[in-house]
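Report on the structure
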Amino acid sequence: MQPKTKERMSNFRRANRKMPRRRVDIPVEKINYTNPELLARFTTESGKLIPRRITGLPAWLHRKVVREIKRSRAVNLLP
């Protein structure tokens, strides 16, 4: 059974697309709260964290990034 309208069809395709490839191209040693340039790539302009399904990070690396972003905010290196 197909969706009724073109808009619903495009939403259906968008929701059922494949996950992006897992990126591990970021060196783990560089993920540190003293490196706000790297950590800013994982936040939006308003300061929200970008979710794992969009960044394509593995779970263990995403947890580390989130932890370091919060530390960086605590010492006012990251807004």
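Scroll up for the structure.
Heads up: these notes are all about the structure in this document. (Residues numbered from 1 in each chain as written. Predicted model: local features only at pLDDT ≥ 70, side-chain atom pairs only at ≥ 80, totals over all residues. Heavy atoms only, no water.)

Quick word on the pattern of salt bridges
One pass over the structure, following the stated rule, counts one salt bridge. In this structure, E68 and R71 form a salt bridge, with 3.0 Å as the shortest nitrogen-oxygen distance. One end of the pair, E68, and the other, R71, are both in helix α4 (residues 59–74), three residues apart, so they sit about a helical turn from each other. (Salt bridge = Lys/Arg side-chain N within 4 Å of Asp/Glu carboxyl O. Helix = DSSP H or I, 4+ residues; strand = E, 2+ residues; numbered from the N terminus.)

A short note on the environment of A40
Along the polypeptide, A40 turns up in the loop between α2 (36–39) and α3 (52–55). Overall, A40 belongs to the partly exposed group, its relative accessible area being 34%. In this structure, the C-alpha to C-alpha distance between A40 and I69, residues 29 residues apart in sequence, is 8.2 Å. (Buried < 20%, exposed > 50% of the residue type's maximum accessible area, 1.4 Å probe, protein only.)

A word on unusual backbone geometry
The backbone phi angle of N76 is positive, close to 60°, even though this residue is not glycine. Checked against the element boundaries, N76 lands in the segment after α4. The class of N76 is exposed, set by a relative accessible area of 68%.

Focus: a nonpolar patch on the surface
A contiguous nonpolar surface patch, about 250 Å² in accessible area, is contributed by Y33, V75 and L77. Locating Y33 in the fold gives a position in the loop between α1 (6–15) and α2. With relative accessibility at 33%, the residue Y33 sits in the partly exposed group. (Patch = residues over 30% accessible without salt bridge, like charges linked within 9 Å, V, L, I, M, F, W, Y side chains within 5 Å. Areas by Shrake-Rupley, 256 points an atom, 1.4 Å probe, with all protein chains shown as cover.)

Side note on the nonpolar core
Counting residues in each nonpolar core, the largest one holds ten residues, listed as I26, I31, L38, L39, F42, L57, L61, V65, I69 and L78. Elements that contribute at least two residues to this core include exactly α2 and α4. No other element matches α4, which puts three residues into this core. (Core = buried A, V, L, I, M, F, W, Y, C linked by side-chain atoms within 4.5 Å.)

A word on α4
Along its 16 residues, α4 runs 23 Å from first to last C-alpha, staying within 8% of the 22 Å computed at 1.5 Å per residue. For α4, every residue scored as buried is listed here: L61, H62, V65, V66, E68, I69 and S72. End-on view of α4: buried residues confined to an arc of 170°, all on one side of the axis. Pointing more than 90 degrees away from the buried face of α4 are the exposed residues R63 and A74. Elements that come into contact with the buried residues of α4 comprise α2 and α3. (Expected span 1.5 Å × (residues − 1). Arc of directions from axis to C-beta. Contact = heavy atoms within 4.5 Å.)

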